[in-house]
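# Descriptive structure summary
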Amino acid sequence: MEEEAPGEKQEKAQQVVGELREAQQNVENLQTQSKILSNSIEEIKTTIETVEGLEDVEPGTEILVPIGSDSYIPAEIKSTESVLSNLGADLVAEQSPKEVTKLLEKQEKDFEESLEKIQDRIEELEGKN
């Protein structure tokens, strides 16, 4: 069996270290994506609860609307028959609360599936380290 030269050993060691660093960076990126998805899932759950709660709200009820930085303005509910939902690309659709809830539940399911795949990939990468 042929013995490796010291330079070859060092080169292989550097390659292994590089691969480990790359795997660690991938894990960190996936963990960041995982946190973002988890936060999005929680926001969707809160939105579903709010939309479902509209059934108990009478038109004319005063509410506080967040405007950012923990600041609110008072507003009055005119109708609970429809919700304005962002479709992306500066498009907004008026939909029934049930339609919005159905859409949000699908989005939540899709995010949870993506989160599961990311967590599986993190476990796979961590197993190689």
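Going by the structure above, here's the rest.
These figures come from a predicted structure and were not determined experimentally.

Conventions adopted
- Position labels on residues start from 1 in each chain and follow its written sequence.
- With the structure being a predicted model, the display of local features is reserved for residues of pLDDT at least 70 and the display and counting of side-chain atom pairs for 80 or more, all residues being used for whole-chain, interface and lining totals.
- Only hydrogens and water are removed before side-chain values are computed, so all heavy atoms of the structure are retained for them.
- Here a strand is any run of E in DSSP of at least two residues, a helix any run of H or I of at least four, and the numbering for each starts at the N terminus.
- This radius of gyration counts C-alpha atoms alone. The globule rule is 2.2 Å times how many residues there are, raised to the power 0.38.
- Between any two strands, pairing holds if DSSP finds at least two bridges.
- Whenever a carboxyl oxygen of Asp or Glu lies within 4 Å of a side-chain nitrogen of Lys or Arg, that contact is scored as a salt bridge.
- Under the scheme applied here, a residue whose accessible area is under 20% of the maximum for its type counts as buried, over 50% as exposed, and between as partly exposed, the area being computed with a 1.4 Å probe on protein chains only.
- Patches were defined on residues exceeding 30% relative accessible area and lacking a salt bridge, with like-charge contacts within 9 Å and nonpolar side-chain contacts (Val, Leu, Ile, Met, Phe, Trp, Tyr) within 5 Å.
- Every accessible area reported is derived by Shrake-Rupley at a probe size of 1.4 Å, with residue values counting cover from the shown protein chains alone.
- Charge assignment in this entry is limited to Lys and Arg as positive and Asp and Glu as negative, and neither His nor the chain termini are counted.
- Think of each charge as sitting on NZ of Lys, CZ of Arg, CG of Asp or CD of Glu.
- Nonpolar cores were defined as sets of buried Ala, Val, Leu, Ile, Met, Phe, Trp, Tyr and Cys residues, with membership established by side-chain atoms within 4.5 Å.
- Any two residues having at least one pair of non-hydrogen atoms within 4.5 Å are treated as being in contact.

Right, let's get into the overall build of the chain. Along the chain, the regular secondary structure elements total 2 helices and 4 strands. Start at the N end of the chain and walk to the C end: the helices and strands fall as α-β-β-β-β-α. The C-alpha radius of gyration of the chain comes to 25 Å, more than 25% above the 14 Å expected for a compact globule of 129 residues. Along the first, second and third principal axes, the C-alpha set of the chain runs to 85 × 30 × 25 Å.

In this structure, strand β3 (residues 83-88) lies alongside strand β4 (residues 91-95), joined through 5 bridges in antiparallel fashion. Directly across from Leu-84, in β4, lies its bridge partner Glu-94. Joining the antiparallel neighbours β3 and β4 is a turn of 2 residues, in which Ala-89 adopts a positive phi near 55°.

On inspection of all chains with the given rule, the structure shows 4 salt bridges. As a salt-bridge pair, Lys-45 and Glu-42 come within 3.9 Å of each other at their nearest N and O atoms. With Lys-45 and Glu-42 both in helix α1 (residues 6-53) and 3 residues apart, the pair spans about one turn of that helix. Glu-42 gets classed as partly exposed once you look at its relative accessible area, which sits at 46%.

Among the 7 residues in strand β1 (residues 62-68), 0 count as buried, and that is only a small part of the element. Pairing between β1 and strand β2 (residues 71-76): 6 bridges, direction antiparallel. Each bridged residue has a counterpart across the sheet, and for Pro-66 the counterpart in β2 is Tyr-72. Taking the residues that link successive antiparallel strands as the turn, the β1-β2 hairpin has 2 residues, and the phi of Ser-69 there is positive, at about 50°.

With that settled, the discussion passes to a negative patch on the surface. A surface patch of negative charge is lined by Glu-49, Glu-52, Glu-55, Asp-56 and Glu-105. For Glu-55, the position within the fold is in the loop between α1 and β1. Judged by relative accessible area, which is 66%, Glu-55 ranks as exposed.

Quick look at the nonpolar core now. Val-27, Leu-30, Leu-37, Ile-41, Leu-115, Ile-118, Ile-122 and Leu-125 form the largest nonpolar core, which has 8 residues in total. Looking at this core, the elements that each hand over two or more residues are α1 and α2 (97-128). Residues contacting Leu-125, with those up to four places away along its chain left out, are Ala-23, Asn-26, Val-27 and Leu-30. The next biggest cluster of nonpolar side chains, apart from the first, holds 7 residues, and it includes Ile-44, Ile-48, Val-83 and Val-100.

Residue position: Ser-34 is located in helix α1. Residue contacts for Ser-34: discarding those within four places in its chain leaves Leu-115, Ile-118 and Gln-119.

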